[in-house]
Amino acid sequence: MRLGVLDVGSNTVHLLIVDAHPGARPIPESSHKSVLRLMRYLTDDGSISDEGVQAILDAIGGAAKIARESGLDELLSMATSAIREAKNGPEVLALIEEQTGIALQVLSGEDEAKLTFLAVRRWYGWSADRILLLDIGGGSLEVAAGGDEYPDVAISLPLGAGRSTVGFLHNDPPTAPQQDNLRAYAREVLREGLTHFADLPQAQHVVGSSKTIRSLARLAGSVADGVGGTDRSLLRRSQLDDWVPRLARIPADSRPALPGITADRTFQIVAGGIVLSEAMAAFGVRELDVSPWALREGIILRYLDRLA
């Protein structure tokens, strides 16, 4: 069957179309993305501005048109932290359904973490043993850990790359005090988050997922032989900490000249690097594997499991 996943996130509206059936690996057929950066459209009271709502409607309307023309058997539509936490989120969701015909399922932060963990577990398999997952989105950082297909603990923290950029890195390029303030805030939030994992056994495999982490790994990481024809992408904290200060000295419009830094992530890549560095430090992680699968694949896998 042909499935579509429409992911309305804090940074992009992303439509992924795959060919799949229960028991098989989903094969990507096409991918369509619109850059939103919704955090820049938040008003002082936490609502999405009229301009931001229109940007969402335009992006989802375009994705809906592609979905209709793609002969999908099912379209799985979801929204994450930006709409979930917006003061006018329910009104925006109703307007989206009225104007585009798409009813978005709003995922909680815990659901995001659980579904991403499922995708990571399927990618690495049971040989990975206990997994610790770090996933940096635009609005939140998801952390999950466990030894099964769904984690024992899954939490969401307000440390997304877009949110952190808007909240702390006000200059382009950001100043050293702004970066220090973000690091201090991230440490404080992570210190509280660590308490949820205190009683869990140590993870044998640490995995990072999301476009932000993949971009940082392509810039600063390394590659090792994997199983079959797929290489492993690895990122050490020492490599990350070597690159983030250099990234922070480069204006955002110049960063896409570097490997892995795309135009849709260039404004928030420094904040993403700072948050990832602090998360790795908080959990005592020196190196992580970078997963090519994340939330969208988790949504697909859960759907196929239910069919089976």
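Right above here is the structure, for reference.
What counts, and where the lines are drawn
- Residues numbered from 1 in each chain as written.
- Predicted model: local features only at pLDDT ≥ 70, side-chain atom pairs only at ≥ 80, totals over all residues.
- Heavy atoms only, no water.
- Phe/Tyr/Trp six-rings, centres within 6.5 Å; stacked < 30°, edge-to-face > 60°.
- Helix = DSSP H or I, 4+ residues; strand = E, 2+ residues; numbered from the N terminus.
- Buried < 20%, exposed > 50% of the residue type's maximum accessible area, 1.4 Å probe, protein only.
- Lys NZ or Arg CZ within 6 Å of the ring centre and 35° of its normal.
- Arc of directions from axis to C-beta.
- Core = buried A, V, L, I, M, F, W, Y, C linked by side-chain atoms within 4.5 Å.
- Pairing = 2+ DSSP bridges.
- Axes fitted to C-alpha atoms, helices over the stretch in contact; angles between N-to-C directions.
- Salt bridge = Lys/Arg side-chain N within 4 Å of Asp/Glu carboxyl O.
- Parallel < 35°, antiparallel > 145°, perpendicular 65-115°, else oblique.
- Contact = heavy atoms within 4.5 Å.

Caption draft 1: Quick peek at the packing of aromatic side chains. This model, assessed by the stated rule, comprises three aromatic pairs. Between Phe168 and Tyr185, the aromatic rings sit 5.1 Å apart at their centres with planes inclined by 35 degrees, giving tilted as the arrangement. In this pair, Phe168 is assigned in helix 5 (residues 161-168) and Tyr185 in helix 6 (residues 176-194), connecting sequence segments 17 residues apart. Look at Phe168 and you get partly exposed, because its relative accessible area is 22%. Here Arg37 stacks its cationic end above the ring of Phe267, 4.1 Å away from the centre of that ring. Against the face of Trp243 rests Arg246, its NZ or CZ located 4.0 Å from the ring centre.

Caption draft 2: Quick look at helix 5. When we look at burial in helix 5, the residues that qualify are Ala161, Gly162, Ser164 and Thr165. Along the axis of helix 5, the buried positions cluster into a sector of 165 degrees, meaning they face one direction only.

Caption draft 3: Looking closely at the nonpolar core. By size, the foremost hydrophobic cluster in this structure holds 43 residues, and its most contacted members are Leu141, Leu235, Leu276 and Leu288. Counting residues per element, the ones that place at least two in this core are strand 6 (131-136), strand 7 (141-146), strand 8 (153-157), helix 6, helix 7 (211-220), helix 8 (237-248), helix 9 (269-282) and strand 12 (287-290). Sort the elements by how many residues they give to this core and helix 9 lands first, with eight residues. Judged by nonpolar contacts, the second largest core, of 27 residues, contains Val8, Ala59, Ile83 and Ala86.

Caption draft 4: Structural detail: unusual backbone geometry. Residues Asp172 and Pro173 are joined by a peptide bond in cis, for which omega reads 0 degrees. Not every positive phi belongs to a glycine, and Arg37 is a case in point at roughly 50 degrees. Relative to the assigned elements, Arg37 resides in the loop between strand 3 (27-35) and helix 1 (50-69). Judged by its relative accessible area of 24%, Arg37 falls in the partly exposed class.

Caption draft 5: Focus on the sheet that holds strand 10 (residues 222-224). Spatially, seven strands are ordered 8-7-6-9-12-11-10 in an open sheet, and the strand pairing comes out mixed. The open sheet has two free edges, formed respectively by strand 8 and strand 10, since each of these has just one partner strand. Neighbouring strand axes in the sheet, compared pairwise and without regard to direction, differ in orientation by 30 degrees on average. In this sheet, strand 9 (residues 205-209) lies alongside strand 6 in parallel orientation, the contact comprising five bridges. Note that in strand 9 the partner of Leu132 across the bridge is Val206.

Caption draft 6: Geometry of the pattern of salt bridges. Scanning the entire structure with this criterion turns up 20 salt bridges. In this structure, the salt-bridge partner of Asp152 is Arg130, at a minimum N-O distance of 2.8 Å. Residue Asp152 is located in the loop between strand 7 and strand 8, and its partner Arg130 is located in the loop between helix 4 (109-124) and strand 6; the two are separated by 22 residues in the primary sequence. Arg130 sits in the buried class, given a relative accessible area of 16%.

Caption draft 7: The arrangement of the packing of helix 7 against helix 9 in detail. Taken N-terminus to C-terminus, the directions of helix 7 and helix 9 make an angle of 90 degrees; their axes are 10 Å apart at the nearest point. One finds that helix 7 runs roughly perpendicular with respect to helix 9. Residues Thr212, Ile213, Ser215 and Leu216 of helix 7 form the contact with helix 9, whose participating residues are Ile269, Gly272, Gly273 and Leu276.

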